[in-house]
Amino acid sequence: MIEAEVHLSLHNFLRSQAGFPSWPHHLTMARLVARALRLGRSALIQVGAVCGYQGRYRTSFIASALMWHGPVIIVATETVQQLLLRVEIPRLQQWLQVNKPIRTGDVWPNPEFQGILLTSPEAWLKGQLTSADNFPQGIPTIIDGVDDLEDWVRDQLTRDIQPQDWDQLILACPEQAETIRAARIELTSELFKHPANPYECYLISQSETDILTKLYTVLESASGVPEVWQQFWQQLPSEQNHPPSSSPLLFWATIARRQGLFSLHYAPIELGEILAPIWQRQPVVLIGSALEPETEAPLFQERLGLDDLTCLKFASDSQSEAIQLYIPYKLPLPNTPEFQAAFIHKVRTLVCLSATAPGLTVLLVGDVPLKAQVGAILASEFGSRVQVEKTCLDENGILVSGWEFWREHQAVLPAPQLLVIATLPLPSLEHPLVAGRVAHYKRSHQDWFRLFLLPTALNELQRAVAPVRENQGIVALLDSRVVNRSYGSQILNVLSPLARLNYLDPSLFAPSGEENSA
C-alpha cells in the first residue's frame, strides 16, 4: 500500500539527511496523508504551534503527494509555494527518483494532467465559491496553514462598494444623477459622524441603511444599473427589497477621513453552510498548527462546515519547547484606568533587566494608541534600538508590534529572547466587525465568548509564542485575567510546556539564566 511505501522511503530519506531538522512525527503524518489520498477520506491534522511556525512538517505531505500515483492539488500561500518549489520538492524528487510534473497556477492545467498543482488559497477558494470550473472535482487537495482559512474565506466572500462605483452608477443612470449625488453626500455626512476609532470602520446603522434603501426605491426600475449595485441591494435587508440570503450578513463601512471618502462592505457571518458543499467535491487534507486544544477541533469544524474527518493532533516536545513564563499577580486588570501606567512601568523594568542580554525583545501590544505610546516612551530611553512594526532591527533590538504584524513577519525575524505580551489577544469588542459577530451570537442565544473570542485568542497566543520556544526564552504575560478569571487555566494549558517564574532578576537573562531559574 501507498502508506507502507511512503513510510519506508521517507524513513530512509530522513536517515540520509545529516543535520536535517528533526521532527518525531514525520512518518505518522506522511502515512495519514497517504491514507487520505488512497481512501479519498478527508483529514484534519494539527501539527503544533512550533512545528507550524518552523514548517518542518511539509516534508511529510510533499513525500506523500509525490509518491501518490494520481494528481494532487496543494493550496498554500505564495511564500510557502516558493519554499516548496525551491527546497522541499527538488530535494525529495531527487531522493525518491520520481518525475511527477509540478505546476503552479490559478487553474487546472488540462484534463490529462497527473502531477501536482500548487495554487494560492485565493485562487482555489475563488474557483470553489463561484461557478468557474477552474478545478475539476474529485482531485485530492492538501490545504496548508488552515489556521487562517476562516479569514481567507471571508476575504473571498466580502463584497464592496468603492468610491468609483458611485461614479459608475451616475454614468449608468444619468437621469437620477442628482438623486445619487444627494444620497452619497447624505451618507458621507452620516458616516463621518461616527467617532474616530483605530480601525476606521463602522457597522452600518439603521439611518445609513435607510438612505441606501431610499436610493434603491428610486433606481429600482432603472435599466443598466451596474451589477455590483444590483448585488448590493439584493442583500441589503429592507422591507422594499428582495429578502436577504439565508446566511446572515454583516454590513460595514470603512472611511478615509482625510480624503472624505468611504467604502461599503458586506460579508456572511456564518460560513459553515456555504463551505459544506465544497468539502463533498473532493477529499481534503487540512493542516493547521494549533486550531483548538481538542484533537477533533469541534468548533473549527462547525464554523467551516466540516464533517466526517480523520483527526490527528501531535503533542509538543516538552523537553525542548518549554518557555519560561512570568505572570505578575498584582497588575491592574486591562480594562481599568490604572492598567496603562502599571503596564508601562513593568515594561521598562523588563527591558532594563534584559538590556545586557543578547537577542531580540518583542513587545506585543494589541491596543493601537497604547502601542504608539509605548514605542515613543521606549525610544526616548533606548534610542534606535526601538522600532514600531519594522523588520530592520539591531541585533539586540526592541520591536513594538501588534498581533497581526508579528504573525506575518515572525518567520523572517530572529527568535526573541524576551516576549512581552500586554493583554490576551481576545478580539476587541470595540472593533465593529467583532461587535457584529458577537451580536449575531447573542441573537442566536449562543455563548459568544466560548465559541468565538476565547478560541481566537488561544490560537493567536500559541502562534505568537512559538518562536520563543526555539531558545526556551522568557514570555512575560502582563494580563492578570490569566490568574483572576476562570478561563485562565485554559490559557496556561495551551502555553504548556512551561516553567513558571515568580520573580524578575537580571540573572534570568544571563546565558546561565536557565540553570539559575530551574
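Residues numbered from 1 in each chain as written. Predicted model: local features only at pLDDT ≥ 70, side-chain atom pairs only at ≥ 80, totals over all residues. Heavy atoms only, no water.

A.B. asks: Can you explain the UniProt feature "domain: ATP-dependent helicase C-terminal" (unreviewed entry) in the protein? Please cite residues and give values.
C.D. replies: The UniProt record annotates "domain: ATP-dependent helicase C-terminal" (unreviewed entry) at residues 417-496. Measuring from the first to the last C-alpha atom of residues 417-496 gives 18 Å, for a span that is 52% helix and 10% strand. (UniProt positions renumbered as here; feature names shortened; annotations may be inferred. Helix = DSSP H or I, 4+ residues; strand = E, 2+ residues; numbered from the N terminus.)

A.B. asks: Break down the sheet that holds strand β5 (residues 141-144) for me, citing the residues and quoting the values.
C.D. replies: Ordered by their spatial adjacency, seven strands build an open sheet running β3-β4-β2-β5-β10-β1-β11, and the pairing between neighbours is parallel. Only two strands of the sheet have a single partner each, and these edge strands are β3 (102-104) and β11 (310-313). Neighbour to neighbour, the strand axes of the sheet diverge by 15° on average, direction disregarded. Sheet topology note: the strand β2 (residues 72-75)/β5 ladder contains three bridges and is parallel. Within β5, the residue paired with Ile74 across the bridge is Ile142. (Pairing = 2+ DSSP bridges. Axes fitted to C-alpha atoms, helices over the stretch in contact; angles between N-to-C directions.)

A.B. asks: Describe in detail the pattern of salt bridges, supporting the description with residues and values.
C.D. replies: A full pass over the atoms with the stated rule returns 17 salt bridges. Two residues, Glu460 and Arg407, come together in a salt bridge whose shortest N-O distance is 3.0 Å. Taken together, the residues span a long stretch of sequence, with Glu460 in helix α18 (residues 448-465) and Arg407 in helix α16 (residues 403-409) at a distance of 53 residues. Through salt bridges with shared partners, a single ionic network connects Glu150, Arg154, Arg303 and Arg437. (Salt bridge = Lys/Arg side-chain N within 4 Å of Asp/Glu carboxyl O.)

A.B. asks: Give a detailed account of the confidence of the model for the protein, specifying residues and quantitative values.
C.D. replies: Counting all residues, the mean pLDDT for the protein is 92, and 96% of those residues have values of 70 or more. In this model residues 239-246 is a low-confidence stretch, pLDDT under 50, and it forms 15 contacts with partners more than four residues away in sequence or in other chains. Here residues 512-518 is a poorly scored stretch, pLDDT under 50, and it has eleven contacts once near neighbours within four places are set aside; other chains count. (pLDDT = per-residue confidence, 0-100. Contact = heavy atoms within 4.5 Å.)

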